[in-house]
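Observations on the three-dimensional arrangement
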Amino acid sequence: EDVNCLIDNVPNLRRCVITHRSTKSAYANAKNIRVSVMGTEPEFADMARIEMSSGRFITYPDMLQRKKHCVLTRSLADRLFKCYDPIGQDLRIGGTVFSVIGVLARLPDAMAAEDVDLSNAVVIPKSTDHEVFSEYEVVVLPGSWNDKKVDVSQVILQMYDEKGVVDGAAVA
C-alpha cells in the first residue's frame, strides 16, 4: 500500500524497486554462515549498477515462477565454494535449498543498512522471499504487544532528472 502511494504521488518518478532484507543461516560444503538475504526485483541490478562476476541476475520468469534461485556476492561465493564454480551449486538458506545462478562483483555501499554485512549477501526473487521468508515484526510494550507484517525494507526511487529528485524529495 505505502509503495503504491509513493508511486502514485511522487512526481517525475521513472521507476521504483523495493527490497526486503532478513538475516538467515546459509549452509553449503559443510560451512554454515550468517547471511543477509535480500528479496528484490530484476530492475534492482540496473538501478543499483550491479556488476556480475559470473552467471546472471534474477529475472521476471524467476519471480513469476517463485524460483528458488539466488545470486551471491563474490566474497560469500569464495567462502562457501572456495575454488569451485558456484553456478549451479545448491545453497541451503534457512532450511530451503536454492540454486546459485549468479555471482555479483559486489553490492554498492549505498545498499548497506544497519547491521548488514554486504560481503555476506544473497539476492533472491522478491516473490520467493515473500513465500519462503515472510516475516512478522513483533513489538512488545509493557502490558501489550503488536505484530505487523514486514514486506519492504527499502524503497529505491529513480527519477527522470535532477528536478525530479528535488520535486520527489518534497513528497517522499
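The sections below set out a description of the structure shown in this document. On a predicted model such as this, the values are computed, not experimentally measured, just so you know.

Remarks on the packing of aromatic side chains
Counted according to the given criterion, the structure contains one aromatic pair. Pairing Phe-44 with Phe-57 gives two aromatic rings, centres 6.3 Å apart and planes at 20°, and the pair type is stacked. One end of the pair, Phe-44, is in helix α2 (residues 43-47); the other, Phe-57, is in the loop between β3 (51-55) and α3 (60-64), and 13 residues separate them in sequence. The two residues Phe-44 and Phe-57 agree in class, both being buried.

Points about the side chain of Asn-120
Residue position: Asn-120 is located in the loop between β6 (96-106) and β7 (121-125). Apart from residues lying up to four places away in sequence, Asn-120 is in contact with Ile-33, Arg-34, Val-35, Ser-36, Thr-73, Leu-76 and Arg-79.

Here's the deal with the nonpolar core
Ranked by size, the top nonpolar core spans 19 residues in total, and within it Cys-70, Leu-72, Leu-91, Ile-93 and Val-122 carry the most contacts. Elements with a minimum of two residues in this core: β1 (13-28), β2 (31-40), β4 (69-73), α4 (74-81), β5 (90-93), β6 and β7. Counting residues per element, this core draws most heavily on α4, which supplies four residues. In contact with Leu-72, not counting residues within four places along its chain, are Ala-77, Phe-81, Leu-91, Val-100, Gly-102, Val-103, Leu-104, Ala-121 and Val-122. Core analysis: the second largest hydrophobic core is formed by 14 residues, Phe-57, Ile-101, Ala-121 and Val-123 among them.

What counts, and where the lines are drawn
- Residues numbered from 1 in each chain as written.
- Predicted model: local features only at pLDDT ≥ 70, side-chain atom pairs only at ≥ 80, totals over all residues.
- Heavy atoms only, no water.
- Phe/Tyr/Trp six-rings, centres within 6.5 Å; stacked < 30°, edge-to-face > 60°.
- Helix = DSSP H or I, 4+ residues; strand = E, 2+ residues; numbered from the N terminus.
- Buried < 20%, exposed > 50% of the residue type's maximum accessible area, 1.4 Å probe, protein only.
- Contact = heavy atoms within 4.5 Å.
- Core = buried A, V, L, I, M, F, W, Y, C linked by side-chain atoms within 4.5 Å.

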